[in-house]
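# Remarks on the overall topology
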Amino acid sequence: MSSTQSSQGKYTMISSLTDSSFGIPTDVTFQIMGFEDGKEKEVLLGEVRGHKIILGMLSSVFKRGFFGPAKETKDIVPVKETTLEAFQKMLDYIYNKDIDWSALTVLELYDVVNLAEKYDI
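Being a predicted model, the structure only gives us computed values, none of them experimental. (Residues numbered from 1 in each chain as written. Predicted model: local features only at pLDDT ≥ 70, side-chain atom pairs only at ≥ 80, totals over all residues. Heavy atoms only, no water.)

## So, the nonpolar core
Put simply, the rule reads: Throughout this description, the term nonpolar core refers to a set of buried Ala, Val, Leu, Ile, Met, Phe, Trp, Tyr and Cys residues connected via side-chain atoms within 4.5 Å. The buried label goes to any residue with under 20% of its type's maximum accessible area, the exposed label to any with over 50%, and the partly exposed label to all in between, with areas taken from a 1.4 Å probe on protein chains only. A run of H or I in DSSP becomes a helix once it reaches four residues, and a run of E becomes a strand once it reaches two; helices and strands are each numbered from the N terminus. Here, residues are in contact when the closest pair of their heavy atoms is within 4.5 Å.
Formed by 21 residues in total, the largest nonpolar core has its most connected members in F30, L55, F62, F87, M90, L91 and I94. For this core, the secondary structure elements donating two or more residues are β1 (28–34), α2 (52–58), α3 (60–67), β3 (76–79), α4 (84–94) and α5 (106–118). Discounting residues that sit within four places of it in the chain, M90 has contacts with F62, L115, A116, Y119 and I121.

Encoded structure:
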């Protein structure tokens, strides 16, 4: 098997982790917080689940946050100043899921790029 085929198999396995039928549960839930149109109070916009080990391997920010001396001890992590869609796209990228980048608006791409920079991806 060539190295390309081997890598593709590994990436397929990583993307399979987000499928609950794969059998390996997630161990962190990101609660995306924000403001709905016309409302002044911050609300839960949605949740995105992941695996600390995968996220820590691909982001120095997640690595410090989950495994460093001041690590996050909770399994639920609030995330502010982003959209649910942008955060989901960033995790889809980490998990090597197919993303149709051409379907995103410039603003949506900007949100994902800002997150990637924030989380050092």
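After that view, the rundown keeps rolling.
## Looking at the environment of G50
With respect to the element layout, G50 can be found in strand β2 (residues 43–50). With relative accessibility at 0%, the residue G50 sits in the buried group. For the pair formed by G50 and P25, sequence separation is 25 residues and the distance between their alpha carbons is 8.6 Å. Sequence-distant contacts of G50, that is, excluding residues within four places in its chain, are made with T26, D27, V28, L55 and Y95.

## Section: a nonpolar patch on the surface
For clarity, the threshold we go by: Candidates for patches are residues over 30% relative accessible area with no salt bridge; among them, like charges are joined within 9 Å and nonpolar side chains (Val, Leu, Ile, Met, Phe, Trp, Tyr) within 5 Å. We get accessible surface area from the Shrake-Rupley algorithm with a probe of 1.4 Å; when it comes to residues, only the shown protein chains can shield them. Basic side-chain nitrogens of Lys or Arg form a salt bridge, by our definition, when they fall within 4 Å of a carboxyl oxygen of Asp or Glu.
Together, I53, M57, L58 and F67 make up a nonpolar patch on the protein surface, roughly 430 Å² of accessible area in all. Here the element with the most residues in the nonpolar patch is α2; it accounts for three residues. Among the secondary structure elements, M57 is positioned in helix α2.

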